[in-house]
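Coordinate inspection notes
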Amino acid sequence: MKIDFTKSPDNLVPAIVQDNETRKVLMLGYMNEEALNLTRSSGKVTFYSRSKQRLWTKGEESGNYLQLVEVKADCDADALLVYATPQGPTCHTGSDTCWNEENDPNYGFLSQLEGIIADRKALAESKDQAQKPSYVASLFQKGINKIAQKVGEEAVETVIEAKDDNDDLFLNESADLLFHLLILLQAKGYSLQDIVGVLKSRH
């Protein structure tokens, strides 16, 4: 990987730092060639501070280092993407990121779906019965036995379709199974992240 530091009058290139696991953007800094070399050799993300006019390792005062995982250059070789593992909050304000965001794992649409299920669960637990409960809310109202039963039914139907040649039916039954499993997880007080944690520990 060759970086063209000469494109900038001060020989600095922007370095975007992204959490290696959550892929959340943590911060933006600048590196010169010396900072990049020190980052690679030390394993701790190091920048060139334009205000301090010196090399600056993130976390050198707070202890909240960014442990290097990988560095990539963009197509023009004048910007860096740094994958790192944060050891604490990244921003000096104490926030997880410099955009005041929580650095939580996100599984795209599945995380969005978990949020919807959580809302339905809250509706089921609400004493306000004026609103007709949704399908998911009604499942929560019926209790853990009914939810577990639905997961079992969907699992059987998925297995049956897996032995057939109708891909559309197989995918739809698989979606039903995953959907009801997410409901069961929340009924038990867990989330997709808990399952990911178990898989990571096995890995």
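Quick caveat: nothing in here was measured; it's all calculated off a predicted structure.

Now for the sheet that holds strand β2 (residues 25–31). On the basis of which strands lie adjacent, the open sheet formed by four strands has the order β2-β1-β6-β5 and mixed pairing. Only two strands of the sheet have a single partner each, and these edge strands are β2 and β5 (66–73). In this sheet, neighbouring strand axes are inclined to one another by 25° on average, regardless of whether the strands run parallel or antiparallel. Where strand β1 (residues 13–19) meets strand β6 (residues 80–86), five bridges bridge the pair, whose relative direction is parallel. Residue Q18 lies in a different strand from β6, and its bridge partner there is Y83. Running at roughly 125° to β2, helix α1 (residues 33–42) makes contact with β2, β5 and β6 of the sheet.

Each domain of the protein chain was delimited in the assignment, giving domain 1 (13–86) and domain 2 (109–201). One C-alpha centre belongs to domain 1, the other to domain 2, and the line joining them spans 40 Å.

Criteria and cut-off values
- Residues numbered from 1 in each chain as written.
- Predicted model: local features only at pLDDT ≥ 70, side-chain atom pairs only at ≥ 80, totals over all residues.
- Heavy atoms only, no water.
- Pairing = 2+ DSSP bridges.
- Helix = DSSP H or I, 4+ residues; strand = E, 2+ residues; numbered from the N terminus.
- Axes fitted to C-alpha atoms, helices over the stretch in contact; angles between N-to-C directions.
- Contact = heavy atoms within 4.5 Å.
- Domains from an automatic or database assignment.

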